[in-house]
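Descriptive structure summary
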Amino acid sequence: MNDSTERQGWLQGPHVAREPEPLPYQRAVRFVLLGPPGVGKGTQAERIVREFRACHLSTGDLFRAAKCAEHVSPAMRAAVACMQRGELVSDEIVIDLVRERSSCLRCHGGFLLDGFPRTILQARALDAILQDLGVELDAALAFELPIDEVIERLGGRRTCSGCAAVFHVVSRPPLREGICDHCRSTLFQRDDDREETIRVRMRVYEESTGPLIDYFARAGKLELVSASGDPDMVFERGKSAILGRLALTPQASVVA
Ligand code: AMP
């Protein structure tokens, strides 16, 4: 999350214009992030958006923000209930939400889509949205981790109630227990990080999101990244995969 203005554009809907910042690399990056729950995707997303100044677009954050909002539509209330049970929200609702925010996909700094697409139907919808915008996806960055390591990591994850930063009680503890290092809000365990929900999410991931690996591979847009080891090592692997893609196509395809 590189900029609170852009984050508001994603979380609340209407995109707020701002002065473009200079980019640290030759061009903006446009990636989808894939990986089962607990693979460290949130941590890596944070570091990638900071490094490349891309906008972090997480559909999970949209539903978590809706959970705390005062006025939500009945469709959104049903979507939040699905999230709390660890089930996937319907394709229709998620695709509508992303389409409403499609201007974020043209962001000057590029984007990192986190949690979307999650099904083949959503992937096809994303292709169509990007085609309408004249924007080309660089690739899907798919983090992989053996299942027993996934289970070990999940129990300790804590999320900030203020800025959604992610910590881990063992591998990334906050300076003060239960308090966010960045904004001092309290940390909490997400409903969907509780054990019974995690089991459902793992099964849902295998069934729904697993086939996306093939989908992106067939399109020549898959970068597999091992998520084993400490977050710095994983980040370096992810970063070189991204830089490799930038080197392949130094000029991004985006209609001005
Ligand atoms: P995440 O933070 O990406 O793990 O998402 C948390 C929860 O939000 C998921 O377990 C789903 O219930 C819901 N969700 C987020 N993104 C999607 C999506 N693209 N399709 C369906 N459900 C989603």
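All values derive from a computational prediction rather than experimental measurement.

As a volume, the second largest pocket reaches approximately 380 Å³. Contributions of two or more residues to the lining of the second largest pocket are made by helix H2 (41-52), helix H7 (147-154), strand E6 (166-168) and helix H9 (231-248). Tallied by class, the residues present in the lining of the second largest pocket amount to seven nonpolar, eight polar and seven charged.

Here Leu33 shows up in strand E1 (residues 29-34). Using a relative accessible area of 2% as the deciding quantity, one classes Leu33 as buried. Leu33 sits 79 residues away from Leu112 along the chain, and the two C-alpha atoms are 6.8 Å apart. In contact with Leu33, other than residues within four places in its own chain, are Lys41, Ala45, Ile48, Leu112, Leu113, Asp114, Gly115, Leu141 and Phe143.

Right, let's get into the site of the ligand. Every one of the 16 residues lining the ligand counts as a neighbour, but Thr59, Glu87, Gly115, Gln122 and Arg201 are closest to it. Residue Val89 places a main-chain N or O atom 3.0 Å away from a nitrogen atom belonging to the ligand. Between the ligand and Gln122, the relevant distance is 2.9 Å, taken from a nitrogen atom to a side-chain nitrogen or oxygen of the residue. Taking 480 Å² as the accessible area of the ligand by itself, protein coverage stands at 96%. In terms of residue count, helix H3 (residues 59-68) provides more of the shell around the ligand than any other element does, four residues in total. Taken together, the residues of the shell around the ligand break down into six nonpolar, four polar and six charged.

Quick notes on the rules
Residues numbered from 1 in each chain as written. Predicted model: local features only at pLDDT ≥ 70, side-chain atom pairs only at ≥ 80, totals over all residues. Heavy atoms only, no water. 1 Å grid on protein atoms, 1.4 Å probe; cavity = no way out; pocket = protein on both sides within 12 Å on 5 of 7 lines; lining within 4 Å. Points joined across faces, edges and corners; volume = space filled by probe spheres on them. Helix = DSSP H or I, 4+ residues; strand = E, 2+ residues; numbered from the N terminus. Nonpolar A, V, L, I, M, F, W, Y, C, P; charged D, E, K, R; others polar. Buried < 20%, exposed > 50% of the residue type's maximum accessible area, 1.4 Å probe, protein only. Contact = heavy atoms within 4.5 Å. Near = heavy atom within 4 Å. Polar contact = N/O pair within 3.5 Å; in protein donor to acceptor, adjacent residues only side chain to side chain. Areas by Shrake-Rupley, 256 points an atom, 1.4 Å probe, with all protein chains shown as cover.

Function cannot be inferred from these measures alone, as they are strictly geometric.
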